[in-house]
Amino acid sequence: RFLYGAPAADLAVDGEATLKLDPQPFAQFPGYFFGLMTERFDAKRKEIEAAKTDAKGEAALTVKLDDKIAATRPLLADIRVTLNEEGGRAIERRISVPIDHRPLYLGLKLDSEDGAVAEGQSAKFLAVAVDRAGARKAAAKLKFELVREVFEYQWYNQDGRWNYRGVLRSEPVQKGTLDLAADKPGALSFATPSGRYRLEIVDDATGAAASYRYSVG
């Protein structure tokens, strides 16, 4: 509406949306990491189809997403909408909304405040499955794998000069399956020597996955 109360009818509306990772997707699950830690998602800009306000001063705007978004991590859209008045003045508003691009999201939480486990102690994890609204869901026959991450340096010769590069090698430690109930988190525990480790869980049915990196000792 205009300041004097009349509906802002027949005005042009446009904008854009930026798709990006949601840094805090589920406030009700503090300490959990949802999706694969090793996954990258570059922000994507999407133009919003231009529209005009109706007699009530309202307009429906549509953001077209890709047919399939493979990201395992939760995403959100930062949306900017601009209402253009006939006199040239533009009114801009911004809002962030979650993107519901998959039916299930998996999260892992390590029972440690600093992401490390003391030598001789077991690494204890909690796991949950949720929808985009944060409601817990049951998930059966999830696959989990614990690997040890070994960082190595490899020497190579290029144009007569020696140099080195770091290479991360994953050594399998333990595999298994896990069932998650809708009313409580699942639990996993691992007793391992000192080193760097990564735990991954995957749901083959939906493609949902999560991982967590930690160190022992």
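Whatever comes next refers back to the structure up there.
Calculation notes
- Once a new chain begins, its residue numbering starts again from 1 and follows that chain's sequence as written.
- Only residues with pLDDT of at least 70 get local features here, since the model is predicted, and only at 80 or more are side-chain atom pairs given and counted; chain-wide, interface and lining totals rely on the full set of residues.
- Side-chain measures were taken over the full set of non-hydrogen atoms in the model, leaving aside hydrogen atoms and water.
- Think of it this way: any DSSP run of H or I at least four residues long counts as a helix, any run of E at least two long counts as a strand, and we number them from the N terminus.
- Each residue gets one of three labels from its accessible area relative to the maximum for its type: buried under 20%, exposed over 50%, partly exposed in between, using a 1.4 Å probe on protein chains only.
- Put simply, a salt bridge is a Lys or Arg side-chain nitrogen that is within 4 Å of an Asp or Glu carboxyl oxygen.
- Counting of polar contacts relies on pairs of N or O atoms within 3.5 Å, with two restrictions inside protein: one atom must be capable of donating a hydrogen and the other of accepting it, and residues adjacent in sequence are counted only when both atoms are side-chain atoms.
- For this analysis, residues touch if any pair of their heavy atoms sits within 4.5 Å.
- Two strands make a pair as long as DSSP finds a minimum of two bridges between them.

Asks: What should I look at first to understand the environment of arginine 94 in this one?
Replies: Relative to the assigned elements, arginine 94 resides in strand E5 (residues 90-99). Classification of arginine 94 as exposed rests on a relative accessible area of 63%. In sequence terms arginine 94 and phenylalanine 144 are 50 residues apart; their C-alpha atoms lie 40 Å from each other.

Asks: Can you help me understand the pattern of salt bridges in this one?
Replies: Oppositely charged side chains can pair when the atoms bearing their charge come close. Within this structure, the stated rule accounts for 12 salt bridges. One salt bridge connects arginine 198 with glutamate 149, and the closest N-O pair in it is separated by 2.5 Å. A residue pair is termed long-range when its members are at least 10 positions apart, and arginine 198 in strand E12 (residues 195-202) and glutamate 149 in strand E9 (residues 139-158) qualify at 49 residues. Taking the relative accessible area as the measure of exposure, arginine 198 reaches 11% and is therefore buried. The exposure class assigned to glutamate 149 is buried, which follows from its relative accessible area of 5%. Notably, a salt bridge pairs arginine 198 with glutamate 200, separated by 2.8 Å at the nearest N-O pair. On the accessibility criterion, glutamate 200 (23% relative accessible area) is partly exposed. Within this structure, Glu149, Arg196, Arg198, Glu200 and Arg213 form a network of salt bridges that share partners.

Asks: Got a minute to help me understand the side chain of arginine 198 in this structure?
Replies: There is a polar contact of 2.5 Å between the side chain of arginine 198 and the side chain of glutamate 149. Those residues within four positions of arginine 198 in sequence are excluded, and the remaining contacts are Thr38, Glu145, Leu146, Val147, Glu149, Ser170, Ser211, Tyr212 and Arg213.

Asks: Quick question: what am I supposed to make of the sheet that holds strand E2 (residues 33-34) here?
Replies: Pairing between sheet strands relies on hydrogen bonds along the backbone, with the strands arranged either parallel or antiparallel. On the basis of which strands lie adjacent, the open sheet formed by 4 strands has the order E2-E6-E8-E11 and antiparallel pairing. Only two strands of the sheet have a single neighbouring strand rather than two, namely E2 and strand E11 (186-190). Bridging between strand E6 (residues 105-110) and strand E8 (residues 123-130) involves 6 bridges; their strand directions are antiparallel. Paired with lysine 109 across the two strands is leucine 126, which belongs to E8.

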